[in-house]
Amino acid sequence: MTDAEIPGLSGVESGAERAAEESVEAVVRWYEDRLSAERGASAPDPRRIAEWKAGHEAALADRAQLATADPEEAAGITVAYAALLKELKEKES
């Protein structure tokens, strides 16, 4: 019996899907924070803005795809986005 067949569990995300969503959302927020700060800077760097905007848009597109991801795909997305967030934070240092 699948989750959709169990009364009251229709539409419930798996743990893998929730983890993927949280990983992608952390990256989306990272880009939003940096874009906001850069746009508010006295001399915004157009190169950074373009780079971060592209990353933000890619993360948003991946977040939209999570709706159709199976647990294996979701696990892969979680790993990829955790690594991306780590890389983004390391570049800041």
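Source: prediction; values computed, not measured.

### Quick notes on the overall build of the chain
Right, so step 1: Assigned secondary structure in the chain consists of three helices and zero strands.
Right, so step 2: Helices and strands in the chain line up, N terminus first, as α-α-α.
Right, so step 3: The buried share of the chain, reckoned over its 93 residues, is 26%.
Right, so step 4: Considering only residue pairs separated by 6 or more positions, the chain has 65% of its internal contacts joining residues 24 or more positions apart.
Right, so step 5: A total of about 6,100 Å² of accessible surface is found on the chain, and carbon and sulfur atoms cover 54% of it.

### What about the pattern of salt bridges?
Right, so step 1: One pass over the structure, following the stated rule, counts six salt bridges.
Right, so step 2: Here R63 ties to E25 by a salt bridge, and the two come within 2.5 Å at their closest N and O atoms. Taken together, the residues span a long stretch of sequence, with R63 in helix α2 (residues 46-65) and E25 in helix α1 (residues 15-39) at a distance of 38 residues.
Right, so step 3: Take R63: its relative accessible area is 32%, and that puts it in the partly exposed class.
Right, so step 4: On the accessibility criterion, E25 (22% relative accessible area) is partly exposed.
Right, so step 5: Notably, a salt bridge pairs R47 with D45, separated by 3.7 Å at the nearest N-O pair.
Right, so step 6: In this structure, a network of salt bridges that share partners links the residues D45, R47 and E51.

Basis of the calculations
Residues numbered from 1 in each chain as written. Predicted model: local features only at pLDDT ≥ 70, side-chain atom pairs only at ≥ 80, totals over all residues. Heavy atoms only, no water. Helix = DSSP H or I, 4+ residues; strand = E, 2+ residues; numbered from the N terminus. Buried < 20%, exposed > 50% of the residue type's maximum accessible area, 1.4 Å probe, protein only. Contact = heavy atoms within 4.5 Å. Areas by Shrake-Rupley, 256 points an atom, 1.4 Å probe, with all protein chains shown as cover. Salt bridge = Lys/Arg side-chain N within 4 Å of Asp/Glu carboxyl O.

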